[in-house]
Structures are given as C-alpha cells and as structure tokens.
Amino acid sequence: MLETILGDILIHDGTGADAYYSPPFGRGGESAVFTIEVTVRQGAPTLVFEVEHKNAEGTSWSSAGSTSVSSTGVATLEVSTLKEELRLKFTFSTIVAGHFVHIIVPAPMWLPF
C-alpha cells in the first residue's frame, strides 16, 4: 500500500468505524512525513489517516499521529519519536454506507532526527 501506482479504494460499509490497515513495516528514521492524496470522493466522507507504531517486542499499537481529510487533494502528516514498527490506519468519521475515497499513498519521507 505504501508504493501504490493506481491507488486504493476504501469503501465504508455503514456499520461503525471499522478500519483499513496497511501491512506493518519497519521505520526508516526517527521521524517521517507521510503523504496521502485523495483523488476521488463519493458522498461526503471524512477520512481519518493515522500512523500507528510499536516496538518489536510490543503487543499493542499506539497512535503516533493522525489527520482528517475531508476533500480531494494532498494532506501530509509529520510524526516523530517513532518506534520500530509502523502501520497506517484509515477510518471514516462519518457513517454512511457506500461512501468511498480513492487514495494514493507514496512512501514516507524519512527524517534522521
């Protein structure tokens, strides 16, 4: 999901706040800038884009940062003090069945500090 060419479509099924997750991946620096591009929106969904992290020996994920996207275009999220393993989490803050977004998520820009 991090290096998609055509993007991904996330559809809300209308039954709560079920999340879409990326596969876990290792950090490339202690801080990073994540980018998400919303190219299409059906309805008026607000997408919550979150970076979760944990250490290798950890058993639960915690939030490193999040942002909400309520229009088409590019949004960025800068996070720091990252743990060893990361994953991306996408949820909808509005609950309407059939609303969807098409997203492109390029690889993060890793920062050494």
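Overview of the structure.

With that settled, consider the packing of aromatic side chains. Overall, the coordinates contain 2 aromatic pairs when judged by the stated rule. Here the aromatic rings of Phe-34 and Trp-110 are separated by 6.1 Å at their centres, their planes lie at 80°, and the arrangement is edge-to-face. Taken as a pair, Phe-34 in strand E4 (residues 31–42) and Trp-110 in strand E10 (residues 109–111) lie far apart in primary sequence, 76 residues in all. The class of Phe-34 is buried, set by a relative accessible area of 1%. By relative accessible area, Trp-110 is classed as partly exposed at 27%. The ring of Trp-61 is capped by Lys-54, whose NZ or CZ atom sits 5.3 Å from the centre of that ring.

Attention shifts here to a nonpolar patch on the surface. Together, Ile-9, Ile-11 and Tyr-20 make up a nonpolar patch on the protein surface, roughly 270 Å² of accessible area in all. Tracing the chain through its elements places Ile-11 in strand E1 (residues 8–11). Taking relative accessible area as the criterion, Ile-11 reaches 46% and is therefore assigned partly exposed.

Of note, the phi angle at Thr-81 is positive, near 55°, even though the residue is not glycine. By relative accessible area, which is 63% here, Thr-81 ends up exposed.

So, on to the pattern of salt bridges. One pass over the structure, following the stated rule, counts 3 salt bridges. Between Arg-87 and Glu-52 there is a salt bridge, and its shortest N-O distance comes to 2.7 Å. Residue Arg-87 is found in strand E8 (residues 85–92), and its partner Glu-52 is found in strand E5 (residues 47–54); the two are separated by 35 residues along the sequence. In terms of burial, Arg-87 and Glu-52 fall into one category: buried. Between Glu-52 and Lys-89 there is a salt bridge; the shortest N-O distance is 3.8 Å. Pair noted here: Glu-52 is in strand E5 and Lys-89 is in strand E8, with a separation of 37 residues, a long-range link. Of the two residues, Glu-52 and Lys-89, both sit in the buried class. Through salt bridges with shared partners, one network takes in Glu-52, Arg-87 and Lys-89.

Quick look at the environment of Val-96 now. For Val-96, the position within the fold is in the loop between E8 and strand E9 (100–104). By relative accessible area, Val-96 is classed as partly exposed at 35%. Each C-alpha atom of the pair Val-96 and Thr-15 lies 8.3 Å from the other, and the pair is 81 residues apart in sequence. Sequence-distant contacts of Val-96, defined by excluding residues within four places in its chain, comprise His-12 and Gly-14.

The rules behind each value
- Residues numbered from 1 in each chain as written.
- Predicted model: local features only at pLDDT ≥ 70, side-chain atom pairs only at ≥ 80, totals over all residues.
- Heavy atoms only, no water.
- Phe/Tyr/Trp six-rings, centres within 6.5 Å; stacked < 30°, edge-to-face > 60°.
- Helix = DSSP H or I, 4+ residues; strand = E, 2+ residues; numbered from the N terminus.
- Buried < 20%, exposed > 50% of the residue type's maximum accessible area, 1.4 Å probe, protein only.
- Lys NZ or Arg CZ within 6 Å of the ring centre and 35° of its normal.
- Patch = residues over 30% accessible without salt bridge, like charges linked within 9 Å, V, L, I, M, F, W, Y side chains within 5 Å.
- Areas by Shrake-Rupley, 256 points an atom, 1.4 Å probe, with all protein chains shown as cover.
- Salt bridge = Lys/Arg side-chain N within 4 Å of Asp/Glu carboxyl O.
- Contact = heavy atoms within 4.5 Å.

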